[in-house]
Amino acid sequence: MQTMRHMLWGPTPEEQKRKCNTLVRQNIRKLDRDINQLKQLEYKTKTYIQQAAKRGEKNPSQAKQAAQETRTFARELIKVRKQGQRLATSKAQLQSVGMQVNEAFSVRKIEGSIKASTSIMKDVNTLVRLPELTGTMRELSQELMKAGIIEEMVGDTLDNQDLTEMEDEEAEAEVEQVLGEVLKDKLPPSAAAPELTPVKPVEEEEEEEDQEEVLAAMRGRLEALKS
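For the protein chain, the name recorded in an unreviewed UniProt entry is Vacuolar protein-sorting-associated protein 24, with Myriangium duriaei CBS 260.36 as its organism.

A. Spotlight on the packing of aromatic side chains. Taken as a whole and assessed by the stated rule, the structure comprises 1 aromatic pair. When the centroid spacing of 5.3 Å and the interplanar angle of 35° are considered together, the rings of Tyr-48 and Phe-73 count as tilted. Pair noted here: Tyr-48 is in helix H2 (residues 13-58) and Phe-73 is in helix H3 (residues 63-111), with a separation of 25 residues, a long-range link.

B. Highlighting the side chain of Asn-21. Relative to the helices and strands, Asn-21 is located in helix H2. Within the local environment of Asn-21, its side chain forms a polar contact with the side chain of Asn-102, the two groups lying 3.0 Å apart. Here Asn-21 is in contact with Gly-98 and Asn-102, once residues within four sequence places are set aside.

C. View of helix H5 (residues 134-147). Between its terminal C-alpha atoms H5 stretches 20 Å, which fits the 20 Å expected from 14 residues at 1.5 Å a residue. Listed in full, the buried residues belonging to H5 are Thr-134, Thr-136, Met-137, Leu-140, Ser-141, Glu-143, Leu-144 and Ala-147. Taken together, the buried residues of H5 touch H2, H3 and helix H4 (118-128). Phi for Gly-148, located one or two positions after H5, is positive at around 85°.

D. Structural detail: the packing of H3 against H4. Where H3 contacts H4, the axes come no closer than 10 Å and their chain directions differ by 145°. Between H3 and H4 the crossing geometry is left-handed. On the side of H3, the interface is formed by Ser-90, Gln-93, Leu-94, Ser-96, Val-97, Gln-100 and Val-101, while H4 contributes Ser-119, Ile-120, Asp-123, Val-124, Thr-126 and Leu-127. A per-class count over the contact of H3 with H4 returns 6 nonpolar, 6 polar and 1 charged.

Calculation rules
Residues numbered from 1 in each chain as written. Predicted model: local features only at pLDDT ≥ 70, side-chain atom pairs only at ≥ 80, totals over all residues. Heavy atoms only, no water. Phe/Tyr/Trp six-rings, centres within 6.5 Å; stacked < 30°, edge-to-face > 60°. Helix = DSSP H or I, 4+ residues; strand = E, 2+ residues; numbered from the N terminus. Polar contact = N/O pair within 3.5 Å; in protein donor to acceptor, adjacent residues only side chain to side chain. Contact = heavy atoms within 4.5 Å. Expected span 1.5 Å × (residues − 1). Buried < 20%, exposed > 50% of the residue type's maximum accessible area, 1.4 Å probe, protein only. Axes fitted to C-alpha atoms, helices over the stretch in contact; angles between N-to-C directions. Left-handed = near helix turned anticlockwise from the far one by under 90°. Nonpolar A, V, L, I, M, F, W, Y, C, P; charged D, E, K, R; others polar.

Structure, rendered in structure tokens:
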């Protein structure tokens, strides 16, 4: 009976509302997971900066390399934070969409009709272009169109270049600020520090390889969250 009703008249407003709310919650949970992963990555990156700086203090022969590593990790930390801020903004927009959708259905229940919302359409247009949400946000936009809450389909996914604007060449002042924050204004020492027993070249090579592996893993996680 219910299947026949769906075929003739489609889902009820209450069913449409539940479907939209389910999709909103699903996207919020996805963003929460991504934000938590970025927080863990931020914590690890801070640890790598501190470890590199400490190694430079203990081994003056590695001071220059350690200083370079701290700056490299600082740039990665800036990228992680910027992506975290972007996802937090997206989550706030999505929560706003959820509240506006519920309000629209409440008005429909009272007045018997619904009016397309340009505000919801604007937020959905922004969110559907995010790589993290493209699939489920498109499904949500289709449900909102069926309900008459928005009037048109949304645009294409943002290019990675748009999402990572200004990330490739971080300002040195921003890197210095991050290092000052993480190291409590105690930046890696120069090569003029008191001389200690140098580390064997083989060990230096191994540590350098380890750092490259760490960076590669970090960048892989960051890219995975974007795709």
